[in-house]
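# Architecture and fold: a report
Single-letter residue listing:
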Amino acid sequence: MTNLVNVRYLTGFTGSAGAVVVWVDGSAEIATDSRYGVQVGDECSDIAAHITRAGRSTLNARLTATGVSAVGFEDRHLAVADWRDLGDDLGWTPLGSTVDQLRMVKDDTELGLLRKACQASDDALAAALPRIRVGVTEREVARWIDDELRNRAEGPAFDTIVASGVYGAIPHHQPTDRELADGDLVTIDFGARVEGYHADMTRTIAVGQISDWQREVYDAVQAAQATGVAALGPGKTAREVDASARSVIVDAGFGEAFGHGLGHGVGLQIHEAPFLGTTSADKLEASVPVTVEPGIYLPDRGGVRIEDTVVVHADHVERLTTTTRDLLVVG
Ligand code: ZN
Ligand code: ZN
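Just so you know, these numbers come straight off a predicted model, no measurement behind them.

## As for the packing of aromatic side chains
How two aromatic rings sit relative to each other is set out by the distance from centre to centre and by the angle between their planes. Going through the model one piece at a time under the given rule, you end up with three aromatic pairs. Taken together, a centroid distance of 6.4 Å and an interplanar angle of 15 degrees make the contact between F73 and W83 stacked. With F73 in strand 4 (residues 71-73) and W83 in helix 4 (residues 80-85), the pair connects residues that are ten residues apart, well separated along the chain. With a centroid separation of 6.2 Å and 85 degrees between ring planes, the pair formed by F73 and W92 is classed as edge-to-face. Placement of the pair is F73 in strand 4 and W92 in strand 5 (residues 92-94), with a sequence separation of 19 residues. Here F73 matches W92 in class, with each residue buried. Ring pairing ties together the aromatic residues F73, W83 and W92, which thus form one cluster.

## A look at the coordination of the zinc ion (ligand 1)
For the zinc ion (ligand 1), the protein coordination sphere consists of D189 (OD), D189 (OD), D200 (OD) and E307 (OE), at 2.0 to 2.6 Å. Geometry at the zinc ion (ligand 1) is irregular, judged from the four donor atoms that bind it and their angles of 55 to 151 degrees at the metal. Read in sequence order, the donor residues for the zinc ion (ligand 1) give the motif D-x10-D-x106-E. A separation of 3.2 Å is found between the zinc ion (ligand 1) and the zinc ion (ligand 2), which are bridged by D200. Here D189 is found in strand 8 (residues 185-190), whereas its partner D200 is found in the loop between strand 10 (197-198) and strand 11 (201-207), with eleven residues between them in sequence.

## Let's talk about the domain arrangement of the protein
Along its sequence, the protein is carved into domain 1 (4-102) and domain 2 (108-330). Here the C-alpha centre of domain 2 lies 35 Å away from the C-alpha centre of domain 1. Between domain 1 and domain 2, the residue contacts involve five residues of the former and eight residues of the latter. Here domain 1 packs against domain 2, burying approximately 480 Å² in sum over the two surfaces, 60% of which is carbon and sulfur. Together, V5, R8 and Y9 form the three largest contributors to the area buried by domain 1 at its contact with domain 2, with a combined 76%.

## Remarks on the sheet that holds strand 6 (residues 155-156)
Across a sheet, paired strands are connected by hydrogen bonds in the backbone, their directions being either parallel or antiparallel. Sheet architecture is open: three strands sit in the order 6-9-10, paired in antiparallel fashion. Of all strands in the sheet, those bounded by a partner on one side alone are strand 6 and strand 10. Two elements, strand 6 and strand 9 (residues 192-194), share two bridges in a ladder whose sense is antiparallel. Of the residues in strand 9, the one forming a bridge with G155 is R193. Sheet contacts for helix 6 (residues 108-128): strand 9 and strand 10; angle to strand 9, the most-contacted strand, approximately 145 degrees.

## Quick look at the coordination of the zinc ion (ligand 2)
For the zinc ion (ligand 2), the full set of protein donor atoms is D200 (OD), H264 (NE2), E293 (OE) and E307 (OE), and the range of their distances to it is 2.1 to 2.2 Å. The site at the zinc ion (ligand 2) holds four donor atoms, and with the angles between them running 78 to 153 degrees, its shape is irregular. Mapping the donors of the zinc ion (ligand 2) onto the primary sequence yields the spacing D-x63-H-x28-E-x13-E.

Conventions and cut-offs
- Residues numbered from 1 in each chain as written.
- Chains lettered and ligands numbered in written order.
- Predicted model: local features only at pLDDT ≥ 70, side-chain atom pairs only at ≥ 80, totals over all residues.
- Heavy atoms only, no water.
- Phe/Tyr/Trp six-rings, centres within 6.5 Å; stacked < 30°, edge-to-face > 60°.
- Helix = DSSP H or I, 4+ residues; strand = E, 2+ residues; numbered from the N terminus.
- Buried < 20%, exposed > 50% of the residue type's maximum accessible area, 1.4 Å probe, protein only.
- Donors = N, O, S within 2.8 Å, 3.2 Å for Na, K, Ca; no water.
- Tetrahedral: all angles 85-135°; square planar, octahedral: opposite > 155°, others 65-115°.
- Domains from an automatic or database assignment.
- Contact = heavy atoms within 4.5 Å.
- Buried area = accessible area lost by both parts, 1.4 Å probe.
- Pairing = 2+ DSSP bridges.
- Axes fitted to C-alpha atoms, helices over the stretch in contact; angles between N-to-C directions.

Here is the structure:
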């Protein structure tokens, strides 16, 4: 394995350089350089570690010495040049998304970390909310959220999005010095990271009095989000869950304004399998966390997105982010 997220998943090693061989019996060997000599011993003491600047050739030599006939490799993550360097005498076999599929279903420890990350996210918003009002800038709001996330977790899981007024039409808008104005909708997309596990949530809040079209858009997104969460369950296809939420927005007349997929898995990455969307081939199982995040984006006018991280269980759906989805209004 050469993808560091998968290396972490399989071994617990969190360094920024390393590669792992997993043997058929489940044992493993890891190679990393001297910067991580102590860390690798602490984080994965049960795994043989090679401390070297020539990690891949060291592992290659180990594979050659054992006379294996086929070795899986991460074709979705290895650069073409690095793949050529491997040579062709070990029976390299593309793994495709095998490890990503393994990562999709979470164990209790992973779900516990996601619960903590989501709780920290809810708490961070609650703590920052009283300071959000007319005249403060998007950048200030983002900084307050980020500070609150750092006080409660490792920090932000990704770059916090604060999109006010017309910028609400840009799903991944980066915060600017624009000041919030009366009548703005403000989309705040953020999350905490706990021991490498990512929370992801979005609330769109109102500053002062909003108009009828804004309320109509908000209500459509809120209804779509509830429908999407209700459609989740083991055995459901990603496509049918997306379609059920999407139909609410289409019926409200905003189908063209919902351009992205309904949601995605979360874990050691902020976006990982399964992907809920119109072209996804993924299928849900129990113990799979996903986001549900419909949105409506109207160019030159604004937008609304509401997102929660939830977990699909055998017989119910658990909401990990629990801040109200009813419209929050600030002064
Ligand atoms: Zn998000
Ligand atoms: Zn998301």
